[in-house]
Structure formats: structure tokens, C-alpha cells
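Topology and contacts: notes
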Amino acid sequence: MSASALRALAVAAAALAAGSALADTNLVAEGRRLYLDGQRADGTPIEGRRPGGPLLAGRDLACVQCHRPSGMGTVEGVTLVPPLAGDILFTPGRPPAGHQPRRAPGMALEDHAFRTRPAYDMASLARAMRDGVGAGGATFDLPMPRYRLSDREIAALAAYLRQLGATPPPGLEPGVVHLATVVAPDVPERQQQAMLDVLGRCIASHSPAEGSGRRAWKLQTWRLSGPASGWRRQLAEHQRRTPAFAMVGGIGRDWAPVHDFCEAEGMPCLFPNTDAPGAAPASSIYLWPGVALEGRLAARHLLDQPAPPRRLVQVFAPGDIGRQAADAAFGAFAAERKGARRLDVAPGAPLPALTRDDALLLWLTPAQLKVFAGHPPKLPAGIPVLVSATIGELDRVSDPGAIRTIFSNNLRVIYPFDEPNQRLARMVFNLGGWMSGQGLALARETERTQGNTWSACLVTARALYTLPNPASRAALIERVEDAYAGAVSTAFPRFTLGPGQHYGSKGGYLMKVGTDGKLVPDGDWMVP
Amino acid sequence: MTSKPFFTVRVTAAILLILLAVPSGLWAADDHSHHMHSLHAVSSVSRSEASYTMPAVSLRNQDGVSAAFPALVDDGRPVLLNFIYTSCTAICPPMTRIFAEVREGLGADRARVRMVSVSIDPEQDTPARLKAYARQYGAGVGTDWLFLTGSDAASSAVQKAFNAYRPDKMGHTPVSFLRRAPGQPWVRLDGMAQADRILAELRPMLAK
């Protein structure tokens, strides 16, 4: 064969190979759309029905609703949704190693059919999807819809599932899970150390031992430095040099650069100690929505007044997290109050004369509050004054009554935590013993950081213990969503997660200052 | 050596042709839906009767209106009740869909039945979330289908009263409750009771 003919052949081969890769990519993309959105390649909704039920269409029927983004399924009560990712469907089902069917006199609990079925091929997969009959001949349970799908669509789903979780995630080695925690320079050293002490010891004492047959957990600390604008680059550099599977705990005030990094990287970033989490987290899971929640609580409180104000006068430092609170407060307020207006004032700048139509919201640090109180403004009687417990650290001071004397009896403290005494009792009960065993001590200044970090570690530990194979970041996030009951020592009275729920605590109290100077709830826990 | 790339090209081409030859969209819709109706659900349903004492807690409906739970349930009509949460994946969507089918199946008798779905994740399920969820299942404004939320304690109290409480919401199992009138026992259907099963219990309750 001549050289030119060979060259022509090589070109043709490359073109065909590219064509086939393209066909594969298309097939996977079509499968992804079916799986995640319940949509066909042409954008029309897929159709199907549950036995005896009506014809359903679209997102309701998308596989992801039950089999989850990871494709690893779920368990709800006694309903088991089998895993599908990677080569699971295309290899014979297997009972877990060392597993014996459970028996008692007169009864036996057999393995679920997905553990004993033969491997699927295209024909049996088509039968499963269309007729609800598994590869082993078992009829599927009622929640599994019977679909109207073409052969091409079955092939697309198979192609999508095969690649799901097939690429090992970063930071995961056969014997080790690499975890990272982030310390930002914009929080006091004492808080940083409180986080590191609890997290380091908790991870070490809960990790499977090396050589135990399960992956051991190795924690690395990523310390950020310089201005926040450089943090994202520093994080990427850490991840490049020593890749982590997930981030646990961590601490920082301006969390936006870390949030953006986590979301872009698809890294599970679990329960950092920050009062300013990012919005709409997909791969981050936060303890609470942060000061933005305080803003929404403030708005709810003001809207529920007999005569709600017309203007929100908000004092906050432009470069600090108070801006998030102020924006959230006004956003929620203006959504229900027609013609609402806002006036933003920097701490130290003179306040304009306020009227009965105004409410005053103070998103100020302890130092700024002190300065503000040093030159108290003249306020019309009865106008609402709201102060952030988080930014003002009013959950840490022993005598919040001092702030009441400065303002008015209409002062309310936005308090997104458990009542002080209950919170402390729970911390001591659930965490005190372990801490003293570790040579650590709960302290008023740091108990929120310590308790939240302990909970972050325990929930993550539960999730890691049950991490399935193939392990993926999506699967870890799903396990964390199910493991929230491990959060026994947060600063919050209620802490729940669920599929797609990425903020643990969701509400707060409005507190007034009692006659003894202590904060007492003014009304019920609110979820705005 | 020269024959090997040639062979590869042919194999690749063959795979590509097979792939393109896969027919798409061939699906006899009528045949299939007929076929599906003949299938039987494998989930079994167990029926029992019990008396439950309604706790005097206050709950909010999807419009944000608060009321005492016993007053909501004891309005004189037959009641159909279950426990759900809006971010639930595997169980609640079919359960809620089945309740929607029951509503459809009731036709003109729809207004003669009080339907109640109590959230077991009340912290997440605000009235606004429940309203969006209700709309998804065709329960719009002014329906007789209440979606209830409230404090954590109130929701737990109701779950406990119906012997349906699980400390972890992920542990909940499908169960439907029916009652003809206040003072009468509740019919409890454990398992994924389908619409026709529920309607079979409900219709006699509507008979004069």
C-alpha cells in the first residue's frame, strides 16, 4: 500500500473514531437528560405509569427522583431503591460479603432481588424499563414506573449509567480518603484553634484504622492568607498539589471565595463555621443559611407588625457580611410591602432623622455596636430596632441587657440559635465528656464553634462509614443529607437535612431583653 | 502491519452502522398501557382498625392559616390522611400521586371528603413550600386537601397519635388513614395502598 493511501486511511480512521466518540458522547448526553430531567433528546417529556396509576410525564418520572444524582439509590423506611451506577447493572447482583439470609422459625428474609439477579443486557434492561420485570424475573415494586422508551433511549440510559461514578474522584485512594479543612485569616485565632482542636481529634478518633480493610481518613489543613480575592487561587493550588475528596468543617467570615471554589470543583464542603454561606449550594452543605436568614427573620417580624414600616434603615460596614443580611432583609421585605424603601448607612456616618415609618436594623460587630451606642440617635417612640445576634456576638455576652438601655423597649435581637441555657446544656451533655477526655474544654467564647465542628465531624463520619462503591462525591453528599441526626451538638434547636436540603437549621427567634437583662424569646421559633 | 489499521477502520465503521441502525421511537402506546394495567403491584397492604386521640396542637395549612388539628380533622366529613414531606424522594411522590388519583376518582364527591397530608419535615416544609407541592399534584387554591405544617413538636405529636412516628424521617413507611366520622375508628392501610384500594374503603363511608 502506498504512503499516500496509508495516510488517507489514517485520516479516515481518525474521522471514524472521532465520529464514534461523538456518538458515544451524544448517547451519554441523551441518557443524562432522561435520567436527570425526564426529557427525551427532542425535549419532550418521557412518559410512563405506575401499575394501576395514571399516565405520568416528565420530571416526576426522572430516574434521579429515586435513584439520586449518584445513581446509588436510597432506602426510605422499608422501601429500597437499588443502585445503578457504573457497571452495577451489567454485572450479576451479589449479596454483601459475609452476608447470610436472615431466618427465624417460620420465616426467612431473603435478599432483595437486585442482589441475586443476573447481569442486565440491553434486552433485559428494556424489559425492566418498559414492563417492570427485573433481569432475574422479579416484578418491581410499585414506586418504579413502567416507561415508554425507545431502544435508542434504553441504550442512552445504559451509556449514561455506565459512566456514572466510573471515574475515581480526586482524593480517594484504595486505602485512604483525603479530607481537607480550611482556615481563613479573617476570624480570631482562638476560634481557628477551637475548630482545629475538635476536628483533628474527632477525625482521628473516628477514622477506620489503617489496614482495617476500610479507607482511613487523612485530614489536611488548608490555611488561606492575604486578601480574600486571592483565596480561590490558593484553594485551587492546594487541591492540585494534595487533592482532597471533601472538605469538612473549616472556619472563615467571608466565605464567598471558598463557596465558589467548592461549587466549581463539585467538592462536598461540609458544615464550615461561617456566618455567610453562599446561596443555592449544590455541593456545599451548611449548618445554616447565615446572616441572610437573619435578614429574612427581620423582614418577617416587621411585616407581621400591625403597621409595618415603609423604610428599612440599615447600618452595616460595606465590606463585611452585614451587607448579605441587609440585602436579604430588604429583598424579603419589599417582596410583600409595596413601595418599600431602603437606606443604607455606614457605621460612624450620621443617621438621618428617623420617622414612625422607619425601622432601624443594626448589622454591627461588637465594637461597632459600642461606638454606635456611644452616640445614641434620637428615635421616635415605638419604632422597631433590630440587632443581629450573630454579627453583634450577642449570643456570647453575659449581659445583653446593657444594649437595651442604649436603645428602646422596641429592641429585638435576631437570634437564630437555641435559647442560651438549653444550648449550653445540650453542648455539655453531648460534647463535654468527649472533650474533657481529649484534654479540651468548652468555653463560652468558643462553644458555638466547638459544638458545630463536633457535629460536622459526626455527620461526615456517619456518611463516610456508609459510602457505597463506586464512591463518588455525589454519593457522599446524599449520605450526608441522610445522616443529619448525627448533628447533636450544634448551636441550633433543630437541625434537619433531606434530599437537596443544604442548610441544617432554617429558622430563629426574635428575642427581647427580659427584666433581669437576659434574652428571652418573644414568640415562637420562626421559619421565614 | 498494514492490514491492522485497515481492520480497525472496518470494525469502527461497523459499530457506527449498527448504532445508527437502532430504531428509535417505536412504541405502541395503546398496547403498552393496556399491558401495564394488567400488572399487579407487589407491595402488599395490611388493613387494621384503631382509635386514635387527636392531639390539641395547632398546625398551619398551605395558605399559612393556623387551626387546631382536631378541628381540621373533625369537620364531620370522612377523612383521608397521610404523612409526607416535600423533599422526600422514593415514597412520598407516589403516595401523593395516589391521593391525587383518589381525588380524581371521587369526581363530584370530592368536596365530601376531607383530605389531609401532614408534613413530617415541618422545619423545611413552610406553607409556601407546601403550596408549591400541592399545586404539583393538582391541589390548587380552595381545595379540600389540606397540607399541614407547624412546629416540630406539633408534627411529632400528630405522628405519635397515629402510631406513625419515626425519629428519623428517612425511616418513614407508606401508610394511609381513613375515618368515616368523628368518634368512629380509623382504618389504617399500611403499605403503598393504591387509589382503587383507598376508594374501595372510602366509597362506603360516603354512602348515606
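**Topic: the overall build of chain A**
Each helix and strand counted, chain A has 15 helices and 19 strands in total. Here the C-alpha coordinates of chain A stretch approximately 90 × 65 × 55 Å along the principal axes. Looking at chain A residue by residue over its 528 residues, the buried ones come to 53%. Across chain A, contacts joining residues at least 24 apart in sequence account for 64% of those joining residues at least 6 apart. Carbon and sulfur atoms make up 55% of the accessible area of chain A, which amounts to about 22,200 Å² in all. Taking the average place of the 56 positive charges on the side chains of chain A and the average place of its 47 negative ones, the gap between the two points comes to 0 Å.

**As for the domain arrangement of chain A**
Often, the extent of an interface is quoted as the loss of accessible area upon association of its parts. Residues and elements named next belong to chain A. We note that the domain assignment places domain 1 (20–96 + 110–163), domain 2 (176–290 + 422–497) and domain 3 (291–415 + 510–521) within chain A. Between domain 1 and domain 2, a total of about 530 Å² is buried, with carbon and sulfur atoms accounting for 53% of that surface. For the domain 1 face of the interface with domain 2, the top three residues by lost area are Arg-68, Ser-70 and Met-72, together amounting to 69%. For the pair domain 1 and domain 2, the number of links is two residue pairs in polar contact (both at pLDDT 80 or more). Looking at the side of domain 1 that touches domain 2 residue by residue, the classes come out as four nonpolar, two polar and one charged.

**Side note on the sheet that holds strand E7 (residues 175–179) of chain B**
Residue and element names in this part refer to chain B. The six strands are arranged E1-E8-E7-E4-E5-E6 in an open sheet whose pairing can be described as mixed. Two strands bound the open sheet, and with one partner strand each, they are strand E1 (46–50) and strand E6 (145–148). Adjacent strand axes in the sheet meet at a mean angle of 20°, parallel and antiparallel pairs treated alike. Direction of pairing for E1 relative to strand E8 (residues 186–190): antiparallel, over a ladder of five bridges. Each residue of the ladder has a partner; that of Glu-49, found in E8, is Val-187. Sheet strands in contact with helix H4 (residues 92–106) are strand E4 (79–84), strand E5 (114–119), E6 and E7, and its direction is about 160° off that of E4. On the sheet, helix H7 (residues 195–206) packs against E1, E4, E7 and E8 and is oriented at approximately 10° with respect to E7.

**Focus on the state of the cysteines**
With the rule as written, the count across this model stands at three disulfides over all chains. A:Cys63 carries a free sulfur, and the closest cysteine sulfur to it, the one in A:Cys66, is 9.3 Å from it. A:Cys66 takes part in no disulfide bond, and the closest cysteine sulfur, belonging to B:Cys88, lies 8.6 Å away.

**What to know about the pattern of salt bridges**
In total, this model carries 38 salt bridges over all chains according to the counting rule given. Its salt-bridge partner being B:Arg110, residue B:Glu104 comes within 3.7 Å of it at the nearest N-O pair. In this structure B:Glu104 comes out as exposed when scored by relative accessible area, which is 58%. Linking B:Lys169 and B:Asp121 is a salt bridge whose minimum nitrogen-to-oxygen distance equals 3.8 Å. A residue pair is termed long-range when its members are at least 10 positions apart, and B:Lys169 in the loop between helix H6 (152–161) and E7 and B:Asp121 in the loop between E5 and helix H5 (127–136) qualify at 48 residues. The same class applies to B:Lys169 and to B:Asp121, which are both buried. Among the charged side chains, a network of salt bridges with common partners joins A:Arg323, A:Asp327, A:Arg342 and A:Asp344.

**Considerations on the packing of H4(B) against H7(B)**
How two helices sit against one another is set out by the angle between their axes and by the gap between those axes. Residue and element names in this part refer to chain B. One can describe the packing of H4 onto H7 by two numbers: an axis separation of 9 Å at closest approach and a directional angle of 45°. Of the possible angle classes, the one that applies to H4 and H7 is oblique. H4 and H7 meet at a crossing whose hand is right-handed. Here H4 contributes Ile-98, Phe-99, Glu-101, Val-102, Gly-105 and Leu-106 to the contact with H7, which in turn contributes Ala-195, Ile-198, Leu-199, Leu-202, Arg-203 and Leu-206. Along the lines of polarity and charge, the residues of the contact of H4 with H7 split into nine nonpolar, one polar and two charged.

How each quantity is defined
- Residues numbered from 1 in each chain as written.
- Chains lettered and ligands numbered in written order.
- Predicted model: local features only at pLDDT ≥ 70, side-chain atom pairs only at ≥ 80, totals over all residues.
- Heavy atoms only, no water.
- Helix = DSSP H or I, 4+ residues; strand = E, 2+ residues; numbered from the N terminus.
- Buried < 20%, exposed > 50% of the residue type's maximum accessible area, 1.4 Å probe, protein only.
- Contact = heavy atoms within 4.5 Å.
- Areas by Shrake-Rupley, 256 points an atom, 1.4 Å probe, with all protein chains shown as cover.
- Lys, Arg positive; Asp, Glu negative; His and termini not counted.
- Charge placed at Lys NZ, Arg CZ, Asp CG, Glu CD.
- Domains from an automatic or database assignment.
- Buried area = accessible area lost by both parts, 1.4 Å probe.
- Polar contact = N/O pair within 3.5 Å; in protein donor to acceptor, adjacent residues only side chain to side chain.
- Nonpolar A, V, L, I, M, F, W, Y, C, P; charged D, E, K, R; others polar.
- Pairing = 2+ DSSP bridges.
- Axes fitted to C-alpha atoms, helices over the stretch in contact; angles between N-to-C directions.
- Disulfide = S-S within 2.5 Å.
- Salt bridge = Lys/Arg side-chain N within 4 Å of Asp/Glu carboxyl O.
- Parallel < 35°, antiparallel > 145°, perpendicular 65-115°, else oblique.
- Left-handed = near helix turned anticlockwise from the far one by under 90°.

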